[in-house]
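Working through the structure, step by step
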Amino acid sequence: MSIFEKHFPLGLGTSRFPISGPNDTEGIEKSIELARQALEMGITYVDVGYNYSAGMAPFVLKEAFRQTDQSFSVTAKVMYGQDRTADDARKRIELYLQTMGLEKVQYFTCWTIWNYDIFENIMKKGGIYEGAMRLKEEGLIDHICCSLHAVPADILKIIERKVFEGITVSYSMLSAANMRPVLDAAYANDIGVAVMNPLGGGVIAQNKNYFSFACGKMDEGNTIHAALRFVKAHPAVNIVLGGVKNREELEDSVGVFSEPDPELPAERLERVMGSVTGLKGFCTGCKYCSGCPQGIPTSEIMQARNSLLFEPVAAYNRTEPEELLYHIQMFRPLLHDEGWLPETAENPCLKCGKCEKQCTQKLHIMDAVEDTYRRAEQAYFTKEAHRERLKELLYQKGYTKVGLYPNGGFSNLIIRLYQEFFGEPEFEWLQFNSDPKMWGKTADERVVHGPEEISALQPELILICTYKYDQDILDGLQQYETNGVKIEKLHRENEMPWVF
């Protein structure tokens, strides 16, 4: 029996609350009411990250918890990079507890494990996992879990280590063939499974007619319901995470899981998987095309290109152009799930045809690979493009102080890449954040400053690192240009985010 089996099958995701920022009083009030309603409807598993919903999710939950007597369990997330040591892990959990008004959290989650190397860093002596063990001994947490964004082979290696009691993974009809071995392994080891992105990051919801084959006789033609039931049909899956923006979405999702699946789960799995493999132009993830002599990840590219079959979905505050939305849909899993970022946009394919000879769907893989590299150049999705951008912005510009706004995953990557490309900088890095909770704290041995300190610290350049809120931050910082501070965005127009 897994640690998640006691929960209602729908979990509350808190990253999509209708909040634009800390000053959005109306959005915060609506979100508090949504969270309270979710708990009153029987949802017991609450998934929260400290930066969810413009950083306001923990505050929303504190008030929602205060307004209800319903029982609930919370998973609090600690990300390697933002936090590295056992002491960092403790400070992060203490901040969660303080912010949400709780005495303990049930699930400590090692957040966003991209690959096996990150897992090994988490497990090092004095690292995050050791911190979690101490917190468990003290009764501040009950269980140690993780969220996995690595390739399936790495996830399987992590599962084999048997150090986590529960895992959160991305799983939907789009990734079902690839992720089936992961779910099977989790089930065999009694590891609880929570699923994120059950609708393929919005692709399935945006293309209901295309995926209508998922509907059985008792699904009443509702593709969304059928897709959610498919995800829950695997015996390993205990919780399906659903982010909600309004009461209608909440009631609809709760209704799906309030009654037993009208179709036997095993029959649903078999029926839908049979249909997935029969989709025209759809890569089923069989991986027979793997083993490119040039090292091109052909199988992973073809699975990512499935998104090009569907209407693009708005993402990261981008609603246009259409080409960029397609690129985000396609390259996101390649970077996020597979860790693939080509060195250059030059296509290394030899046209040997080995991949196409093995393809069971008879897909034009060589043409697809060529088009993928063309798109990579267009979207600046190469390591070479990153190097040239940092050279253009920072290298040998005569700066003495460079501010990164905000600190976090993007800023950490910029610092690391600059050192990799050009060595130690001739300038001092400064880190800024609009969140008062971060001011004065240390992130990667650098103090985090508030925006009101910009004038006193006098950086020559502030580089806006984030992708989703870059224009909002630019608008807020332009006042400092009158003091001689140059403000630049990291990402160019039509560029992919460097971090997802």
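Note: the structure precedes this text.
The structure reproduced in this document is the subject of the present report.

Rules and cut-offs
Residues numbered from 1 in each chain as written. Predicted model: local features only at pLDDT ≥ 70, side-chain atom pairs only at ≥ 80, totals over all residues. Heavy atoms only, no water. Pairing = 2+ DSSP bridges. Helix = DSSP H or I, 4+ residues; strand = E, 2+ residues; numbered from the N terminus. Axes fitted to C-alpha atoms, helices over the stretch in contact; angles between N-to-C directions. Buried < 20%, exposed > 50% of the residue type's maximum accessible area, 1.4 Å probe, protein only. Right-handed = clockwise from strand over helix to strand, strands pointing away. Salt bridge = Lys/Arg side-chain N within 4 Å of Asp/Glu carboxyl O. Arc of directions from axis to C-beta. Expected span 1.5 Å × (residues − 1). Contact = heavy atoms within 4.5 Å. Core = buried A, V, L, I, M, F, W, Y, C linked by side-chain atoms within 4.5 Å.

1. Examining the sheet that holds strand β6 (residues 166-170)
Spatially, the 8 strands close up into a barrel ordered β1-β2-β3-β4-β5-β6-β7-β8, and their pairing is parallel. Strand after strand, the sheet turns through a mean of 30 degrees between neighbouring axes, direction not considered. As judged from the 6 bridges shared by strand β4 (residues 105-113) and strand β5 (residues 141-148), these two strands associate in the parallel manner. Bridge pairing in β5 links C110 to C146.

2. With respect to the pairing of strand β3 (residues 73-79)
The buried fraction of β3 amounts to 7 of the 7 residues, a majority that puts the element mostly inside the structure. Here β3 shows no split at all, with S73, T75, K77 and M79 on one side and V74, A76 and V78 on the other all buried. Taken together, the 4 bridges between strand β2 (residues 45-48) and β3 define a ladder with parallel strand orientation. Residue pairing across strands places V46 opposite V74, the latter belonging to β3. For β3 and β4, the ladder comprises 5 bridges, and the chain directions are parallel. Considered in β4, the bridge of V78 is made with C110. Each parallel crossover has a hand, and the one from β3 via helix α4 (residues 86-100) to β4 is right-handed.

3. Quick notes on unusual backbone geometry
Residue P321 is reached from E320 by a cis peptide bond, and omega for that bond is -5 degrees. Mapped onto the fold, P321 is located in the loop between α13 (298-304) and α14 (322-336). Each neighbour pair has its own omega, and for Y405 with P406 the value is -5 degrees, a cis peptide bond. One non-glycine residue with positive phi stands out, namely K162, at about 55 degrees. If you trace the backbone, K162 turns up in the loop between α7 (152-161) and β6. The exposure class assigned to K162 is exposed, which follows from its relative accessible area of 60%. Residues other than glycine seldom take positive phi values, yet K351 does so here, at roughly 60 degrees. Under the relative-accessibility criterion, K351 is labelled partly exposed at 43%.

4. A short note on the pairing of β5
Burial of β5 is extensive: 7 of the 8 residues sit out of reach of the surface. Where β5 meets β6, 4 bridges bridge the pair, whose relative direction is parallel. Directly across from S147, in β6, lies its bridge partner T168. One crossover worth recording links β5 to the parallel β6 by way of α7, and it is right-handed.

5. Here we look at the pattern of salt bridges
Oppositely charged side chains may form a pair once their charged atoms are brought near each other. Taken as a whole, this structure holds 30 salt bridges when the rule is applied. Taken together, the salt bridges that share partners define one network made up of D219, R229, D261, E263, R268 and R271.

6. Here we look at helix α3 (residues 57-66)
Taken together, the buried positions of α3 are A57, P58, V60, L61, A64 and F65. Considered in projection along α3, the buried side chains sweep an arc of 155 degrees and stay on one side of the axis.

7. Concerning helix α1 (residues 25-40)
Taking 1.5 Å per residue as the helical rise, α1 with its 16 residues ought to reach 22 Å, and the 23 Å between its terminal C-alpha atoms agrees with that figure. Within α1 the residues assigned to the buried category are G27, I28, S31, I32, L34, A35, Q37, A38 and L39. Residues of α1 that are buried make contact with β1 (10-13), β2, α3 and α11 (247-258). Where α1 ends, the next residue or the one after it, G42, has phi of about 110 degrees, a positive value.

8. Thoughts on the nonpolar core
Ranked by size, the top nonpolar core spans 97 residues in total, and within it F108, I113, F164 and Y171 carry the most contacts. Residues in contact with Y171, not counting those within four places in the same chain, are A176, M179, L183, V195, M196, N197, P198, F230, V231, H234, V237 and L269. Residues I301, L363, V402 and L461 belong to the second largest nonpolar core, which totals 52 residues.

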